[in-house]
Amino acid sequence: MTQALFRNARIWTPPDTGQPARGPLQARVLSWDRGCLLVRDGRIRAVGGERDVTRGLHPEEVEQEIDCQGRCMMPGFIDAHTHLCFLSPREKEFQARLEGADYLQILEAGGGILSSVESVRSASEEELFARTRSRALSALRAGTTTMEIKSGYGLALEPELKQLRVIRRVSREAPVTVVPTFLGAHAVPPEYRGRGDDYVDEIVNRMIPAVSAAGLARFCDVFCEDGVFSPGQGRRILEAARAAGMGIRLHADEMKDTGGAALAASLRASCADHLLAAGDDGIAAMAAAGVVGVLLPATAYSMRRPFAPARKMIEAGLPVAIATDCNPGSSFTESMPFVFGLAVMLMGLSVAEALTACTLNGAYALGLAGDAGSLTAGKRADLVLLEGETPSILAFHAGVSPVVDVFAAGEKVASKELA
Ligand SMILES: [Zn+2]
């Protein structure tokens, strides 16, 4: 049994009441000015004011003492939506878009998602691993201790399995908790152009059973959007995935209200993501069904689009999480401090609401709240120390990461001082 005591921290954490925080509860945080956190065998044993935590504690019981020097301590970020497993960002396409190119012109120039599919299909597993791991470590240095990573650039059985093996290897070889998601339904691959239903058959009959047999994915996701997969196709895929033992989630109502939010509610998915165009009925149905709304402000930023109506969602009682959507086209950032800043400055969330969105509600979206997402006794000691006194520094000190130290299961895994 090893114990470590973090002292002299300004602790900020959402409380965990056993369910995702919604409505006014999303703004509830616990904070201690001279806070203390006691860790035993990688788990939080106690958190609170110094006197409470150290009462009855004998100095010889504590093997290591960490003076946090008055810095803000908060839970490690939970990035609940990433496409981190890709080869290269599509920078030329970003540039073309800034100069006014539209989606079709980009496709005609060989850009768009299918160019990422081509490069992932032809990449060696080793190279794909090296690139994915390096991005995961970059996210970790910016405070992300848990991240979801999707497949979805293979769009055929073998390359999808290759991506999922790479994701598993990242989870084993980087000190970050990784949640793997199978996203074979990210787009219709070129071999199936005009035959979307046949591709859905392939996903349901071959891909889901193979992914499930290999134990490579905790969730299955579908890109539900006009011209990609319809709500009917999404339902077929997600019902098959659930029957195969996977959790389910969707990309829903990003460009248009196509009924994705309503589908997520009727399937009681863990979460539905994007939701820029979700209508009031869809949001209300999700709130009633306990589905977490995962908002991705860096995508709106990168595409120069309006942000999802986060305030309206919180007021409608929808638990809101915020994630990066890190991907090679529409959101090339693995920085949770950046999306935290966007949420506070441009989506109208309070600092407390954004803190909950980037930690606790993300953990609920991933089904990991028993282990992560808040500084609560019994959970894993995944936490970050910031260079400021409150999490507002994440929005205030813009464009850089104020994250100084990152701890996973009580061990220091990244540090500005070690860098
Ligand atoms: Zn996505």
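Our subject in this report is the structure included herewith. Numbering of residues starts from 1 in each chain and follows the order in which that chain's sequence is written. In view of the model being predicted, local features appear only for residues whose pLDDT reaches at least 70, and side-chain atom pairs are presented and counted only at 80 or more, with totals across whole chains, interfaces and linings using the full set of residues. Side-chain numbers come from the whole structure's heavy atoms, not from hydrogens or water.

1. Some remarks on the packing of helix H6 (residues 157-173) against helix H7 (residues 196-214)
Close contact between H6 and H7 brings their axes to 10 Å; oriented N to C, the two are set at 30 degrees. Relative to H7, H6 is oriented roughly parallel. Handedness of the H6/H7 crossing: right-handed. Residues Leu157, Glu160, Leu161, Leu164 and Arg168 of H6 form the contact with H7, whose participating residues are Arg206, Met207, Ala210, Val211 and Ala214. Residues that form the contact of H6 with H7 fall into these classes: seven nonpolar, no polar and three charged. Axis lines are fitted through C-alpha atoms, for helices just across the contact stretch, and the angle between N-to-C directions can take any value from 0 to 180 degrees. Helix and strand labels come from DSSP, where a helix needs a run of H or I of at least four residues and a strand needs a run of E of at least two; each type is numbered from the N terminus. By the definition adopted for this analysis, an angle is roughly parallel if under 35 degrees, roughly antiparallel if over 145, roughly perpendicular if from 65 to 115, and oblique otherwise. Note: crossing handedness is left-handed where the near helix turns anticlockwise from the far helix by less than a right angle, and right-handed where it turns clockwise. Throughout, a residue-residue contact means that at least one pair of heavy atoms, one from each residue, lies within 4.5 Å. Classification convention: Asp, Glu, Lys, Arg as charged; Ala, Val, Leu, Ile, Met, Phe, Trp, Tyr, Cys, Pro as nonpolar; all other residues, Gly among them, as polar.

2. Re helix H9 (residues 260-267)
Three labels apply to residues, based on accessible area from a 1.4 Å probe with only protein chains included: buried if under 20% of the type maximum, exposed if over 50%, partly exposed otherwise in between. With six of eight residues buried, H9 is to be regarded as a mostly interior element. Among the residues of H9, Gly260, Ala261, Leu263, Ala264, Ala265 and Leu267 are the ones counted as buried. In this structure, the buried residues of H9 make contact with strand S9 (219-224), helix H8 (231-243), strand S10 (247-252), strand S11 (271-274) and helix H10 (280-289).

3. Topic: the state of the cysteines
Only a pair of cysteine sulfur atoms within 2.5 Å qualifies as a disulfide here. Applying the stated criterion to the full structure yields zero disulfides. For cysteine 271, which is in no disulfide, the shortest distance to another cysteine sulfur is to cysteine 220 and amounts to 12 Å. Relative accessible area serves as the criterion here: at 0%, cysteine 271 is assigned to the buried category.

4. A closer look at the nonpolar core
Residues enter a nonpolar core if they are buried and are Ala, Val, Leu, Ile, Met, Phe, Trp, Tyr or Cys, with the set joined through side-chain atoms within 4.5 Å. Counting residues in hydrophobic clusters, the biggest one holds 99 residues, and the most contacted among them are Phe182, Ile237, Leu275, Leu295, Ile322 and Leu349. Considering every element that reaches this core, the biggest residue donor is H7, with seven residues. Apart from the residues lying within four places of it in its own chain, the contact partners of leucine 349 are Ala310, Arg311, Ile314, Ile322, Ala343, Val344, Ala354 and Ala357. Listed in part, the 19 residues of the second largest apolar core include Ala21, Val179, Ala321 and Ala372.

5. A few points about the packing of H7 against H8
Where H7 contacts H8, the two axes come as close as 10 Å, and the packing angle between them is 5 degrees. As far as their axial angle goes, H8 and H7 are roughly parallel. Contact residues: Gly196, Asp197, Val200, Asp201, Ile203, Val204 and Ile208 in H7; Gln233, Arg236, Ile237, Ala240 and Ala241 in H8. Of the residues that constitute the contact of H7 with H8, the class distribution is seven nonpolar, two polar and three charged.

6. Focus: the coordination of the zinc ion
Shown as donors are all N, O and S atoms within 2.8 Å of a metal ion, widened to 3.2 Å for Na, K and Ca; because water is not in the atom set, sites may appear incomplete. For the zinc ion, the full set of protein donor atoms is His81 (NE2), His83 (NE2), His251 (NE2) and Asp325 (OD), and the range of their distances to it is 2.0 to 2.7 Å. Here the zinc ion is ringed by four donor atoms whose angles at the metal span 79 to 167 degrees, and the overall shape comes out irregular. Donor residues binding the zinc ion come from one chain and are separated in sequence as H-x1-H-x167-H-x73-D. Placement of the pair is histidine 83 in the loop between strand S6 (77-79) and helix H2 (91-98) and aspartate 325 in the loop between strand S13 (320-322) and helix H13 (336-346), with a sequence separation of 242 residues. Geometry is assigned from donor-metal-donor angles: four donors are tetrahedral when every angle falls between 85 and 135 degrees, four are square planar and six octahedral when opposite donors sit over 155 degrees apart with all other angles between 65 and 115, and any other arrangement is irregular.

7. Quick notes on the sheet that holds S6
The strand order across the open sheet built from eight strands is S6-S7-S8-S9-S10-S11-S12-S13, with neighbouring strands paired in parallel fashion. Lying at the two open borders of the sheet, with one neighbouring strand each, are S6 and S13. Averaged over all pairs of adjacent strands, the angle between strand axes in this sheet comes to 25 degrees, irrespective of strand direction. At least two DSSP bridges between two strands are needed for those strands to be called paired. Note that S11 and strand S12 (residues 292-295) share three bridges and pair parallel. Along S12, the bridge assignment pairs alanine 272 with glycine 293. On the sheet, H13 packs against S6, strand S7 (144-150) and S13 and is oriented at approximately 90 degrees with respect to S6.

8. Quick look at the packing of aromatic side chains
Any Phe, Tyr or Trp ring, taking Trp's six-membered ring, that has another such ring centre within 6.5 Å forms a pair; planes under 30 degrees apart are called stacked, those over 60 apart edge-to-face, and the others tilted. Applying the stated criterion across every chain yields a total of five aromatic pairs. On the numbers, 4.9 Å between centres and 85 degrees between planes, the contact of phenylalanine 6 with phenylalanine 407 is edge-to-face. Taken together, the positions of phenylalanine 6 in strand S1 (residues 3-13) and phenylalanine 407 in strand S15 (residues 403-408) put the pair 401 residues apart, joining distant regions of the chain. The two residues phenylalanine 6 and phenylalanine 407 agree in class, both being buried.

9. Points about the environment of alanine 174
With respect to the helices and strands, alanine 174 occurs in the loop between H6 and strand S8 (177-185). Between the C-alpha atoms of alanine 174 and valine 413, which are 239 residues apart in sequence, the distance is 9.4 Å.

10. Observations regarding the pattern of salt bridges
We define a salt bridge as a contact between a side-chain nitrogen of Lys or Arg and a carboxyl oxygen of Asp or Glu at a distance within 4 Å. Enumeration according to the criterion identifies 29 salt bridges in this entry. Note that arginine 7 is salt-bridged to glutamate 50, the shortest N-O span being 2.6 Å. You can see arginine 7 sitting in strand S1 and its partner glutamate 50 sitting in helix H1 (residues 50-54), a full 43 residues away along the chain. Residue glutamate 50 is classed as buried on the basis of its relative accessible area of 18%. Arginine 7 serves as the salt-bridge partner of glutamate 65, at 3.0 Å between the closest nitrogen and oxygen. Residue glutamate 65 is located in strand S4 (residues 64-67), and its partner arginine 7 is located in strand S1; the two are separated by 58 residues in the primary sequence. According to the relative accessible area criterion, glutamate 65 is exposed, its value standing at 52%. Given the relative accessible area of 23%, arginine 7 is considered partly exposed. Each of Glu148, Lys150, Asp221, Arg249 and Asp273 takes part in a single network of salt bridges with overlapping partners.

11. Here we look at unusual backbone geometry
Residue glutamine 69 is not a glycine yet carries a positive backbone phi of 55 degrees. Within the fold, glutamine 69 resides in the loop between S4 and strand S5 (72-75). One non-glycine residue, aspartate 253, lies in the positive phi region at around 50 degrees. Within the secondary structure, aspartate 253 sits in the loop between S10 and H9.

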